Every structure is written in C-alpha cells, then in structure tokens.
There are 2 protein chains.
Amino acid sequence: MTTQARTSTGTAQNGELLTPISKSALPDFTGYLIKRSWVTIQRDLRELLLGFDLSQRSMSVLSVVIGNPDINQSDVAAALSIERSGMVVIVDELEGLDLIRRERALSDRRAYALRATLKGHQLHDRVRAAIIAHEDRIFANISHAERDSLHAILLKLVED
Amino acid sequence: MTTQARTSTGTAQNGELLTPISKSALPDFTGYLIKRSWVTIQRDLRELLLGFDLSQRSMSVLSVVIGNPDINQSDVAAALSIERSGMVVIVDELEGLDLIRRERALSDRRAYALRATLKGHQLHDRVRAAIIAHEDRIFANISHAERDSLHAILLKLVED
DNA sequence: TATTGTTATACTCTATAACTATA
DNA sequence: TATAGTTATAGAGTATAACAATA
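Residues numbered from 1 in each chain as written. Chains lettered and ligands numbered in written order. Predicted model: local features only at pLDDT ≥ 70, side-chain atom pairs only at ≥ 80, totals over all residues. Heavy atoms only, no water.

Comments concerning the overall build of chain A
- Along chain A, the regular secondary structure elements total six helices and two strands.
- Counting the 160 residues in chain A, one finds 46% classified as buried.
- For chain A, contacts bridging at least 24 residues in sequence account for 46% of all contacts bridging at least 6.
- Looking at chain A as shown, the accessible area adds up to about 8,600 Å², and 51% of this sits on carbon and sulfur atoms. (Helix = DSSP H or I, 4+ residues; strand = E, 2+ residues; numbered from the N terminus. Buried < 20%, exposed > 50% of the residue type's maximum accessible area, 1.4 Å probe, protein only. Contact = heavy atoms within 4.5 Å. Areas by Shrake-Rupley, 256 points an atom, 1.4 Å probe, with all protein chains shown as cover.)

Section: the environment of L154(A)
- Along the polypeptide, L154(A) turns up in helix α6 (residues 144-158).
- Apart from residues no more than four positions distant in its own chain, L154(A) is found in contact with T30(B), L33(B), I34(B), S37(B) and L150(B).

Structural notes on the relation of the copies chain B and chain A
- Once chain B is rotated about the relating axis by 180 degrees and shifted along it by 0.0 Å, it coincides with chain A to within an RMSD of 0.0 Å. Such values leave the two copies arranged in the relation of a two-fold axis.
- Both copies present the same face, since 100% of the interface residues in chain B are matched by interface residues at the equivalent positions in chain A. (Least-squares fit on C-alpha atoms with pLDDT ≥ 70 in both.)

So, the packing of helix α1 (residues 30-50) of chain A against helix α5 (residues 118-138) of chain A
All names here are of chain A.
- Orientation of α1 relative to α5, taken along the N-to-C sense of each, is 150 degrees, at an axis distance of 11 Å. Classified by the angle their axes make, α1 and α5 are roughly antiparallel. The interaxial crossing formed by α1 with α5 has right-handed handedness. Residue-level inspection shows I41, D44, L45, L48 and L49 of α1 in contact with α5, the latter providing V127, A130, I131, H134, R137 and I138. (Axes fitted to C-alpha atoms, helices over the stretch in contact; angles between N-to-C directions. Parallel < 35°, antiparallel > 145°, perpendicular 65-115°, else oblique. Left-handed = near helix turned anticlockwise from the far one by under 90°.)

Re helix α5 (residues 118-138) of chain B
- Taking 1.5 Å as the rise per residue, α5(B) with 21 residues should run 30 Å; its terminal C-alpha atoms sit 30 Å apart, in good agreement.
- Turning to α5(B), its buried residues number three or more, namely G120(B), L123(B), H124(B), V127(B), A130(B), I131(B), H134(B), E135(B) and I138(B). For α5(B), the angular spread of buried residues about the axis comes to 140 degrees, placing them on one side. Residues of α5(B) that are exposed and point over 90 degrees away from its buried face: L118(B), D125(B) and R126(B).
- In this structure, the buried side of α5(B) is in contact with α1 and α6 of chain A together with α1 (30-50), α2 (56-67) and α6 (144-159) of chain B. (Expected span 1.5 Å × (residues − 1). Arc of directions from axis to C-beta.)

A look at the interface of chain B and chain A
- Taken residue by residue, the interface counts 66 residues in chain B and 66 residues in chain A.
- Linking chain B with chain A are four salt bridges, by the criterion used here.
- Among the ionic pairs, E146(B) bridges to K156(A), the shortest N-O distance being 3.2 Å.
- Between the two partners, chain B and chain A, sit 19 residue pairs in polar contact (both at pLDDT 80 or more).
- Taken together, the residues of the side of chain B that touches chain A break down into 30 nonpolar, 21 polar and 15 charged. (Salt bridge = Lys/Arg side-chain N within 4 Å of Asp/Glu carboxyl O. Polar contact = N/O pair within 3.5 Å; in protein donor to acceptor, adjacent residues only side chain to side chain. Nonpolar A, V, L, I, M, F, W, Y, C, P; charged D, E, K, R; others polar.)

Here's the deal with the protein's contact with DNA strand C
- S85(A), R109(A), S74(B), S85(B) and R110(B) are the nearest of the 17 residues found near DNA strand C.
- Sugar and phosphate atoms constitute 65% of the interface atoms of DNA strand C, taking the interface as everything within 4 Å of the protein.
- Measuring from a phosphate oxygen of DNA strand C, one finds a backbone N or O atom of Q73(B) at 3.1 Å.
- Between S74(B) and DNA strand C, the recorded distance is 2.7 Å, taken from a backbone N or O atom to a phosphate oxygen.
- Taken together, the elements giving at least two residues each to the surface near DNA strand C come down to α3 (73-80) and α4 (84-96) of chain B. (Near = heavy atom within 4 Å.)

Regarding the protein's contact with DNA strand D
- Around DNA strand D lies a shell of 16 residues, among which S74(A), S85(A), R110(A), S85(B) and R109(B) are the nearest.
- Each atom of DNA strand D within 4 Å of the protein was assigned to sugar, phosphate or base; sugar and phosphate come to 63%.
- Within the contact set of DNA strand D, a phosphate oxygen lies 3.5 Å away from a side-chain nitrogen or oxygen of R57(B).
- Here a phosphate oxygen of DNA strand D sits 2.9 Å away from a polar atom, N or O, in the main chain of R109(B).
- With three residues, helix α4 (residues 84-96) of chain A is the single largest residue contributor to the surface near DNA strand D.
- The class makeup of the residues in the surface near DNA strand D is three nonpolar, five polar and eight charged.

This is the structure:
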C-alpha cells in the first residue's frame, strides 16, 4: 500500500492557487455552483450591511415591510420562508433602531401592523443603492446579457 | 394614525398563496434570488443525502477526495472554502462509515493522505446519480438551454 | 518560524415546542 | 379550535484561538 504523497500546501510554488475542486464531481452540479455563489456574495454583503447596523435577515424584513405597509409578523415570516419565532428578535432589532414600528392592528388585537418609520425608509433607500453597487462589483466580469439572463432564470426558478 | 389592517393569514380566500415578497425590493437583487434558490435546493438535497447517511459537507469532502487521491485535510478544506478545524469531524464521520481512510503521508509525517475505499467509490457513484435526478426535478420547468446557460454563468462567477 | 491535525469555544442561524391572548 | 406573538431550547454550521508534532 504505497501511498504517494502530494505536493501539499494548497498554493503551488508559482503562487497560483491550486483548486482540486475542479477535479471533483461538484462543479458538474448546478446546485453546488449556486451554493458557492451564495457564499461568495454573502461574505461581501455581510460586511456591507454591518456598516448600516443591519443583518441580512433584518434588511429582508425591512424591505418586505416597506413594500407591504401594515403587514403583520406572520405574513412577513411566510413571505421570507422563515419561522414566526425568529421574527421577534428581528422586529425587536429593527424597532430598537427606530426603523420600523409595531402599530396595533385594528381588526385583530392579537396582531401587529408593521410600518417603517421615515428613518427606516431613508436607510432602506441608502442600503438599496449600496447593494446595487455591491452586485455591480460581484458581477463585474460577466456581461450584461448574461446577468439579465441569470436574473430571469433564477426568478423563474424561485417562483416555482 | 389610522392603521388600516390587512387581510392577514398568508393564504387568500381562494386558497392561493399571497407572497408579498414580490412587492418588495428583494427580487430585484440577483444575490437574493441566488440565496432563495439555494434554500429551495438545499431542502431537497438534505433529504436525499440523509438516505445515504451523508451531510452536504461530507458528500463534498468525499467527492474531492475521490477526485484527488492522497490529498490531505488542509487541501480539502482550501478547495471547499471551509475551515481546517471543521474537517476533523467530517473526516471522522466518513472514516466511521468506512467510505474513506486516513493513510499516513510518506513525505510529511504531520499530514494524512486521504483515500476513498471501494465502498466510498460505490456510494459516491450512487449518490451522484441521485443528485442528477434531484437536479432534473429542481430544474424541471426551465428549458435545457436556460439550464446550460445558468450553469455556464455560475461557473464563470465562482471561478472569479 | 511555519504548518498539519486537533480541541475547545463561541457565535449565528434555524427548527421545535409550549405558552398567552385573542379570534 | 385555531391563530398571532412570544419564550425557551436545542441543533446545525461556522469562525477563532491555541496546542503538540513535525517541517
């Protein structure tokens, strides 16, 4: 059982990264490419949102609340495919930052009617612009046609 | 401050799901569509791999080891963009299932030379076939041309 | 000094169950 | 009975730091 050793280290002598992943079956799977893309994007996005005191989830909630004034927490959770229980801390966070408010729903005294504050709207606009710039960076080396195509295909995929 | 209540419940009277996410800024971001796609794919993939006693990470490691015989743990970690420390439990798991073996590297007594067993190769082939079928299901309602296009664009994106 | 594998730790995210007040 | 919000909890997954053996 003579086990021949590899050149090790992960960086070849010329300084170029050797990525043995290309020699596996993984790049054949579109699902795996989607995962890797998301990891890359997420890393940059997290940094960006940190500058606004936002997490990815809280930005998503803020965006849905702005698009759907007086929506309640359960419906936001359903829209984002997250659990109702997880909404509490996110809404707490956003309320603490004075970005949204929990108004009392008139027709149902169990529920809140979520609404963004002026500050919430203003921050959302700024973050939106920052994310557009971030995506321009991420997709810098693929053409506009390819980018549009990517967007359209993913939209169809997500819509089921 | 008259807060008009919404129709609530998340499912309209006709039984159709109302997804207010389409009324937010989120679907404008390709990054968010990638995230949602990954969540959808991952849910199905997890179930699939569970039937083989594999996690997503352990399947990835098995695949890289098979594609790069006698690779060491650090290089696998680098290829998959995960931490070296996280490799330990994954390799333990794969070794416990008799899918890969930790051989001693000849040239470097600190490192292991990872190699898949016969059982590992056979399982990998079966899982690979199952994932291909899984992706056929996931991408059932988009054309082959679009699917090829999606794959090519994501490949370019991941490669940097 | 630097690197491999390892352990411990912590932090985030997610998933589940149970409770209260309303419906 | 069922639902909205809440709390507590446990499980993943991930990231960091430190250590022993070896380079």
